[in-house]
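Observations on the model geometry
As a plain string of letters, each chain reads:
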Amino acid sequence: MTQTPAPAPIHWKLVIDAADPHAQADFWAAALHYEPEDNSALVQQLLEMGALPAAATVDFHGRPAFRDLMAVRHPDDPYDKDRGTGLGRRLLFQRVPEPKTTKNRLHLDLHPGPDHREAEVERLTSLGASVLRRVTEPAGAWVVMTDPEGNEFCVA
């Protein structure tokens, strides 16, 4: 009897709209201890080929980057060394023209643990986050925060 192989897990990334994708990438890289992706070799190659106009790029930490996209990745996950693109856990920030107007339908929960929650809230506040409210319920306690662009996330 031939057994059908199980389908491979699907690779995914979380895409977050942003007014300033590079500032958001810096914040979330610091918040999560992730690394901003370095797509400079790909950007340079596309510029040299004429496939990408210079106006579609910016200088990000001394290297060329896409103007409207910036991602951060887990430092232990694999990545494509030619493109600089993460192949594991990553967040991609994309520039959009409109501001955030309502509550997030999706958000991140950070879990430093109850003994480290307050220190983590202080650290995130020093990076530019704000405390929205503190929640204590029978199911647990957490702090609802916003990142520098007002996107909500929780620290449990």
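Presented here is a report on the structure given in the accompanying data block.

**Description of the pairing of strand β1 (residues 14–18)**
A one-sided burial pattern is seen for β1, the buried positions being L14, I16 and A18 and the unburied ones V15 and D17. In the sheet, β1 pairs with strand β6 (residues 90–95) via five bridges, with the strands oriented parallel. Looking at β6, one finds that A18 is bridged to R95.

**Considerations on the nonpolar core**
Generally speaking, soluble globular proteins have nonpolar side chains that are buried together. Membership of the largest hydrophobic core comes to 23 residues, with the highest contact counts inside it found for W28, F93, L124, M145 and F153. Excluding residues within four positions of it along the chain, F93 makes contact with I16, A18, P21, Q24, A25, W28, D68, L69, M70 and V72.

**Some words on the side chain of N151**
Note that N151 resides in the loop between β9 (140–146) and β10 (152–155). Not counting the four nearest positions on each side in its chain, N151 is found in contact with I16, D17, Q24, K100, N104, M145 and T146.

**Points about the side chain of H22**
Positionally, H22 belongs in helix α1 (residues 21–32). The exposure class of H22 is buried, given its relative accessible area of 8%. Excluding its chain neighbours within four sequence positions, the residues that come into contact with H22 are V58, F60, A65, F66, R67, L69, M70 and R95.

**Quick notes on a positive patch on the surface**
The grouping of K100, K103, R105 and R133 at the surface amounts to a positive patch. Within the fold, K100 resides in the loop between β6 and β7 (109–110). Judged by its relative accessible area of 35%, K100 falls in the partly exposed class.

**Quick look at the layout of surface pockets**
By volume, the largest pocket is sized at about 490 Å³. Taken together, 23 residues line the largest pocket, and the ones lying closest to its centre are I16, D17, K100, N104 and N151. Top contributing element to the lining of the largest pocket by residue count: β1, with five residues. Looking at the lining of the largest pocket residue by residue, the class counts come to ten nonpolar, five polar and eight charged. Size it by volume and the second largest pocket reaches roughly 190 Å³. Around the second largest pocket, the lining residues are W12, L14, L32, Y34, R89, R90, L91, L108 and L110.

About the thresholds
Residues numbered from 1 in each chain as written. Predicted model: local features only at pLDDT ≥ 70, side-chain atom pairs only at ≥ 80, totals over all residues. Heavy atoms only, no water. Buried < 20%, exposed > 50% of the residue type's maximum accessible area, 1.4 Å probe, protein only. Helix = DSSP H or I, 4+ residues; strand = E, 2+ residues; numbered from the N terminus. Pairing = 2+ DSSP bridges. Core = buried A, V, L, I, M, F, W, Y, C linked by side-chain atoms within 4.5 Å. Contact = heavy atoms within 4.5 Å. Patch = residues over 30% accessible without salt bridge, like charges linked within 9 Å, V, L, I, M, F, W, Y side chains within 5 Å. Areas by Shrake-Rupley, 256 points an atom, 1.4 Å probe, with all protein chains shown as cover. Salt bridge = Lys/Arg side-chain N within 4 Å of Asp/Glu carboxyl O. Lys, Arg positive; Asp, Glu negative; His and termini not counted. Charge placed at Lys NZ, Arg CZ, Asp CG, Glu CD. 1 Å grid on protein atoms, 1.4 Å probe; cavity = no way out; pocket = protein on both sides within 12 Å on 5 of 7 lines; lining within 4 Å. Points joined across faces, edges and corners; volume = space filled by probe spheres on them. Nonpolar A, V, L, I, M, F, W, Y, C, P; charged D, E, K, R; others polar.

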